[in-house]
Amino acid sequence: MWNEPTKKRLNEVPRLYETEEVPIKEKVIHLHFFMGNCDWYAVEFDGEDTFFGYAILNGDHQNAEWGYFSLSELVRLKVGWLEVDCEKEATWSNVRVGNIDHIKTWK
């Protein structure tokens, strides 16, 4: 993985279920992972390996969904020379879900 998030950065992500009561549009995306036309947006983290967030695979916005994904799987994922990248702190600011047009928020 390029630009693997540091422990400090991972520790800044709310723990799983901490934002459960926060409306989806108000939830904050803390990390953005991407590769090719795939994006994973992390909202919560268990402190070890599991994120809760939003995944768009192969640019398929119609079937994109909220769910769980694994840091260890993202780290190992490669397609030829292409690896998952994590948006650098210098270029990524935490952003509310409602401010990302291609994330489904269901009202």
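Look above for the structure.
## Some remarks on the overall build of the protein chain
Of the regular secondary structure elements, the protein chain holds two helices and nine strands. Listing each helix as α and each strand as β along the protein chain from the N terminus yields α-β-β-β-β-β-α-β-β-β-β. Here the protein chain has a C-alpha radius of gyration of 13 Å; the compact-globule value for 107 residues is 13 Å, and the two agree. Once the C-alpha set of the protein chain is aligned to its principal axes, its extents read approximately 40 × 30 × 25 Å. Across the 107 residues of the protein chain, 42% fall into the buried class. Of the roughly 6500 Å² of accessible surface on the protein chain, a fraction of 49% belongs to carbon and sulfur atoms. Across the protein chain, the mean location of the 12 positive side-chain charges is 2 Å away from that of the 19 negative side-chain charges.

## Topic: unusual backbone geometry
Residue Asn3 is not a glycine yet carries a positive backbone phi of 55 degrees. Within the secondary structure, Asn3 is located in the segment before helix H1 (7-11). Judged by its relative accessible area of 34%, Asn3 is partly exposed. The backbone phi angle of Asn58 is positive, close to 55 degrees, even though this residue is not glycine. Here Asn58 is to be found in the loop between strand E4 (50-56) and strand E5 (65-70).

## Digging into the side chain of His30
If you trace the backbone, His30 turns up in the loop between strand E1 (28-29) and strand E2 (31-35). Side-chain polar atoms of His30 contact the side chain of Asn94, separated by 3.2 Å. Residue contacts for His30: discarding those within four places in its chain leaves Arg9, Glu12, Val13, Pro14, Ala42, Val43, Trp92 and Asn94.

## Quick look at the pattern of salt bridges
Counted according to the given criterion, the structure contains three salt bridges. A salt bridge links Arg96 to Glu26, with the shortest nitrogen-to-oxygen separation between them at 3.0 Å. Taken together, the residues span a long stretch of sequence, with Arg96 in strand E9 (residues 95-96) and Glu26 in the loop between H1 and E1 at a distance of 70 residues. You can call Arg96 partly exposed: its relative accessible area is 44%. On the accessibility criterion, Glu26 (40% relative accessible area) is partly exposed. When the shortest N-O distance is used, the salt bridge between Glu83 and Lys78 registers 3.7 Å.

## Observations concerning the pairing of E2
Of all five residues making up E2, four are buried, and the element is well covered by its neighbours. Note that E2 and strand E3 (residues 38-45) share five bridges and pair antiparallel. For Phe34, the partnering residue across the bridge sits in E3 and is Asp39. Between E2 and the antiparallel strand that follows it, E3, lie two residues; Gly36 among them carries a positive phi value of about 55 degrees. Pairing between E2 and strand E8 (residues 85-86): two bridges, direction antiparallel. By the bridge assignment, Phe34 is partnered in E8 with Asp85.

Calculation rules
- By convention here, each chain's residues receive numbers from 1 onward along its written sequence.
- Given that the model is predicted, a residue must reach a pLDDT of at least 70 before its local features are reported, and side-chain atom pairs must reach 80 or more before they are shown or counted; all residues, however, enter totals for whole chains, interfaces and linings.
- Only hydrogens and water are set aside; all other atoms, that is, all heavy atoms of the structure, feed into the side-chain values.
- Helix numbers and strand numbers start at the N terminus; a helix is a DSSP run of H or I with at least 4 residues, a strand a run of E with at least 2.
- Throughout, radius of gyration means the C-alpha value; the globule benchmark is 2.2 Å times the number of residues raised to the power 0.38.
- The buried label applies to any residue whose accessible area, calculated with a 1.4 Å probe on protein chains only, is under 20% of its type's maximum; exposed applies above 50%, and partly exposed to all values in between.
- Here the Shrake-Rupley method, with its probe set to 1.4 Å, supplies the accessible areas, and only the displayed protein chains count as covering residues.
- Positive residues here are Lys and Arg, negative ones are Asp and Glu, while His and the chain termini are left out of the count.
- One atom stands in for each charge, and that atom is NZ of Lys, CZ of Arg, CG of Asp or CD of Glu.
- Identification of polar contacts relies on pairs of N or O atoms within 3.5 Å, with a donor-acceptor requirement for protein atoms, meaning one able to donate a hydrogen and the other able to accept it, and with residues adjacent in sequence counted only if both atoms are side-chain atoms.
- Throughout, a residue-residue contact means that at least one pair of heavy atoms, one from each residue, lies within 4.5 Å.
- Salt bridge criterion: a side-chain nitrogen from Lys or Arg within 4 Å of a carboxyl oxygen from Asp or Glu.
- Whether two strands pair depends on DSSP finding at least two bridges between them.

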